[in-house]
Amino acid sequence: MHLHSRRSTPGDDADFGFDPLALEGDAREVAPDEGPALFPFAADFPPSLLAESTRVDEPHDTRVLVRVRDLEGLGRRLDAIMVLRQSLGEEPGNVRLRLRLAELLEASGEEDTALEELEAGIRASRWDAALQVQRGALLGRMGRHPEAERELRAAIAMAPDSVDAALHLGLSLLRRGRHSDALTELQRAQSLDPRRGDVAFHLGEAWYHGGQLDRALQNLMRASELAPEDPRAYKLLGRLLDRMGRTEEAMVMHRKAREAGH
């Protein structure tokens, strides 16, 4: 599969009056001073990196994921990817391992490879909804919104109660300028799980870009309560309160965004 550059077309996000790239949580390119996405690793790693897992009483994929987490914490992302690929060679239908591999590949800037891995996982697991949701979400982050919408609607047909499917479908619709449809999906996601801070945030974001500031304020305040460690809600609350002329409150939110970001 190939990456496609994204262009606004009539009826797309630009017509709705906001720049889709300014939405929080969108993919971005790695800056030159951030270093390589894949970190080098020692040539003398053990024949099987999985051998370093010690908890034999845990399920195999849990031990693999713990090892992957530890390797990532050491800056050895390429090692972590190799561990996952080695394990998937033995368990190609393991959904948890395939999802984690796709996440690491996307984080490394390898979106096309991540899509291929998710597609392989969907075939091996006989169309698992979680893999299809992640593939649709990734297509949306890549700006391939019509494909994302098809993938996510198919996932919803398989798993109507999937909060993530409704959330990512709403985000993809929002970035296409289909504000009313986006709100329908985001509100459905919130009804499925009212305790999700990310859902409350994106619903507030949708109301904000639609000019419904009071509703945006209500949802963003809820998002900040549900996920106080996430700076995005505070950041957008600062912009919203500035826009509403509530300068002192906006300054408080800007400060909280800085504190949450550290």
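What this report covers is the structure whose coordinates are included nearby. Each chain carries its own residue numbering, running from 1 in the written order of its sequence. Since the coordinates come from a predicted model, pLDDT governs what is reported: local features require at least 70, and pairs of side-chain atoms require 80 or more to be given and counted, while whole-chain, interface and lining totals use all residues. The side-chain values count all of the structure's non-hydrogen atoms but skip hydrogen atoms and water molecules.

### Some details on helix α4 (residues 95–107)
An α-helical segment advances 3.6 residues per turn. Residues three or four places apart therefore align on the same side.
Then comes step 1: Elements are defined by DSSP. Helices are runs of H or I of four residues or more, strands are runs of E of two residues or more, and each kind is numbered from the N terminus. By this rule, a helix spans an expected 1.5 Å times one less than how many residues it contains. Across its 13 residues, α4 extends 18 Å between first and last C-alpha, which sits within 8% of the 18 Å expected from 1.5 Å per residue.
Then comes step 2: Buried residues in α4 make contact with α2 (60–73), α3 (77–90), α5 (111–124) and α6 (129–141).
Then comes step 3: Under this definition, polar contacts are N or O atom pairs within 3.5 Å; protein pairs additionally need one hydrogen-donor-capable and one acceptor-capable atom, and for neighbouring residues in sequence, both atoms have to be side-chain atoms. The opening residue of α4, the one whose side-chain oxygen lies 3.2 Å from the backbone nitrogen of Arg-96, is Asn-94.
Then comes step 4: A positive backbone phi angle near 85 degrees is found at Gly-109, which sits one or two residues after α4. Contact between two residues is taken to exist if any of their heavy atoms lie within 4.5 Å; hydrogens are not considered.

### Side note on empty space enclosed by the protein
Then comes step 1: Definitions used for this entry: grid spacing 1 Å over protein atoms alone; cavity, a set of points where a 1.4 Å probe fits but cannot get out; pocket, an open set with protein on both sides within 12 Å along at least 5 of 7 lines; lining residue, one with an atom within 4 Å of a point. Grid points are joined across faces, edges and corners, and a volume is the space filled by probe spheres set on the points. Enumeration according to the criterion identifies one cavity of 30 Å³ or more in this entry.
Then comes step 2: The space that makes up the largest cavity amounts to roughly 40 Å³.
Then comes step 3: If you trace the largest cavity, you find it lined by Gly-197, Asp-198, Phe-201, Ala-223, Ala-227, Asp-230 and Ala-233.
Then comes step 4: No other element matches the three residues that helix α10 (residues 197–209) contributes to the lining of the largest cavity.
Then comes step 5: Per-class residue counts for the lining of the largest cavity are four nonpolar, one polar and two charged. Three categories are distinguished: nonpolar for Ala, Val, Leu, Ile, Met, Phe, Trp, Tyr, Cys and Pro, charged for Asp, Glu, Lys and Arg, and polar for the others, with Gly belonging to the last.

### A few points about unusual backbone geometry
Then comes step 1: A positive phi is found at Arg-126, a non-glycine position, where the angle reads about 60 degrees.
Then comes step 2: Tracing the backbone through its elements, the reader meets Arg-126 in the loop between α5 and α6.
Then comes step 3: Taking the relative accessible area as the measure of exposure, Arg-126 reaches 75% and is therefore exposed. Remark: exposure states derive from per-residue accessible area (1.4 Å probe, protein chains only) relative to the maximum for the residue type, with buried under 20%, exposed over 50%, and partly exposed in between.

### Topic: α10
Then comes step 1: The end-to-end C-alpha distance of α10, which contains 13 residues, comes to 18 Å, matching closely the 18 Å that a straight helix rising 1.5 Å per residue would cover.
Then comes step 2: Of all the 13 residues making up α10, 12 are buried; the element is thus mostly covered by neighbouring parts of the structure.
Then comes step 3: Among the residues of α10, Gly-197, Val-199, Ala-200, Phe-201, His-202, Leu-203, Gly-204, Glu-205, Ala-206, Trp-207, Tyr-208 and His-209 are the ones counted as buried.

These figures capture arrangement, not role.
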